[in-house]
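# Breakdown of the fold
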Amino acid sequence: PEAVKLARPGLIEHAADRGVRVNKYADQYVLMGSVELPVGEWQDVADRVECFVNWFDKTKPEVLGVQQIVYDLEDGVAATKDYDLRFDGTTGTNVICDMKCTANPDWTWKLQLGCHQVYTLRGLPVMVLHINPDKYAKIGGVKLLSYDWHECMTMFDAARQWWRQIQKAKNKTGANG
């Protein structure tokens with residue numbers, strides 16, 4: 001992405017580590033009903049965890065799954081669904097929900113959500129829980145972004161078909177490196 005080209009050294013690594021930390025604490029809150037951050041935890045992590053906890057307490061989704069691995073042995077692909085949730089108003093349908101703590105939404109999220117669609121039950125609503133205290137300050141730092149599940153699945157399936165063709169070509173030429 002364009003943002004990567006312009007980022008200061010270390011910024012991307014910090015953001016990735018921040019996301020892992022926030023996800024770990026959010027999972028703890030979802031599973032245990034409480035979370036305690038250690039002394040010295042980064043402020044930007046603490047801010048995002050607070051946003052998540054407030055959002056979770058306000059929306060009260062039913063949690064159907066946490067950090068579930070989806071995979072396909074033939075493709076050699078695995079991914080982790082952050083949450084399977086059920087919200088009031090979804091008439092009992094669970095929602096595949098991924099959490100992101102980035103500055104802005106990214107087009108690659110559709111690929112990831114599509115992967116979840118292809119390797120699990122197809123046709124479930126897909127969403128990203130985007131946590132950004134600055135961007136969404138007026139709404140508590142969290143925005144639930146809905147994506148078209150069919151578009152996401154189609155996009156991932158096209159990438160998967162491309163990947164399979166590359167693997168076939170490598171096997172035919174002996175270039176397996």
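In this report, the structure presented in the accompanying data block is examined. Sequence order as written defines residue numbering, which begins from 1 separately in each chain. In keeping with the predicted nature of the model, local features appear solely for residues at pLDDT of at least 70, side-chain atom pairs appear and are counted solely at 80 or more, and the whole-chain, interface and lining totals rest on all residues. As a convention, hydrogens and water are excluded, and side-chain values are obtained from all of the structure's heavy atoms.

## Some points on the packing of helix 2 (residues 11–32) against helix 3 (residues 43–59)
- Only C-alpha atoms enter the line fits that serve as axes; for helices the fit covers just the stretch in contact. Angles between N-to-C directions range over 0 to 180 degrees. Per the convention used, a helix needs a DSSP run of H or I reaching at least four residues, while a strand needs a run of E reaching at least two, with both numbered from the N terminus. Viewed as axis vectors pointing N to C, helix 2 and helix 3 meet at an angle of 35°, and their least axial separation amounts to 9 Å. When the axes of helix 2 and helix 3 are compared, the crossing they make is right-handed. Where helix 2 approaches helix 3, its residues His-14, Arg-18, Arg-21, Val-22, Tyr-25, Ala-26, Tyr-29 and Val-30 are matched on the opposing element by Asp-44, Val-45, Arg-48, Val-49, Phe-52, Val-53, Phe-56 and Asp-57.
- For the contact of helix 2 with helix 3, the class distribution of residues is 10 nonpolar, one polar and five charged. Crossing chirality is assigned from the near helix's rotation relative to the far helix, an anticlockwise turn below a right angle marking it left-handed and a clockwise turn marking it right-handed. The contact rule is simple, with two residues in contact once any of their heavy atoms fall within 4.5 Å. Three classes are used: nonpolar for Ala, Val, Leu, Ile, Met, Phe, Trp, Tyr, Cys and Pro, charged for Asp, Glu, Lys and Arg, and polar for all others, with Gly counted as polar.

## Topic: the packing of aromatic side chains
- Each aromatic pair joins two rings of Phe, Tyr and Trp (for Trp, the six-membered one) with centres within 6.5 Å, and gets the label stacked for planes under 30 degrees apart, edge-to-face for over 60, and tilted for any other angle. Taken as a whole, this structure holds seven aromatic pairs when the rule is applied.
- Ring centres 5.9 Å apart and planes at 90° place the aromatic pair Tyr-29 and Phe-56 in the edge-to-face group. In this pair, Tyr-29 sits in helix 2 while Phe-56 sits in helix 3, placing the two residues 27 residues apart along the sequence.
- Burial here depends on accessible area, computed with a 1.4 Å probe over protein chains only, as a share of the maximum for the residue type. Under 20% is buried, over 50% is exposed, and the range in between is partly exposed. For Tyr-29, a relative accessible area of 12% gives the class buried.
- By relative accessible area, Phe-56 is classed as buried at 12%.

## Quick notes on the nonpolar core
- Ranked by size, the top nonpolar core spans 24 residues in total, and within it Val-22, Phe-52, Trp-55, Tyr-83, Met-99, Leu-129 and Ile-131 carry the most contacts.
- Listed by contribution, the elements that provide at least two residues to this core are helix 2, helix 3, strand 2 (77–86), strand 3 (95–100) and strand 4 (126–131).
- The element contributing the most residues to this core is helix 3, with seven residues.
- Those residues within four positions of Tyr-83 in sequence are excluded, and the remaining contacts are Asn-23, Ala-26, Asp-27, Val-30, Phe-52, Gly-65, Val-66, Val-95, Ile-96, Cys-97 and Met-99.
- With 10 residues, the next largest nonpolar core counts Ile-96, Leu-124, Leu-145 and Tyr-147 among its residues. Residues grouped as a nonpolar core are buried Ala, Val, Leu, Ile, Met, Phe, Trp, Tyr and Cys residues, joined through side-chain atoms within 4.5 Å.

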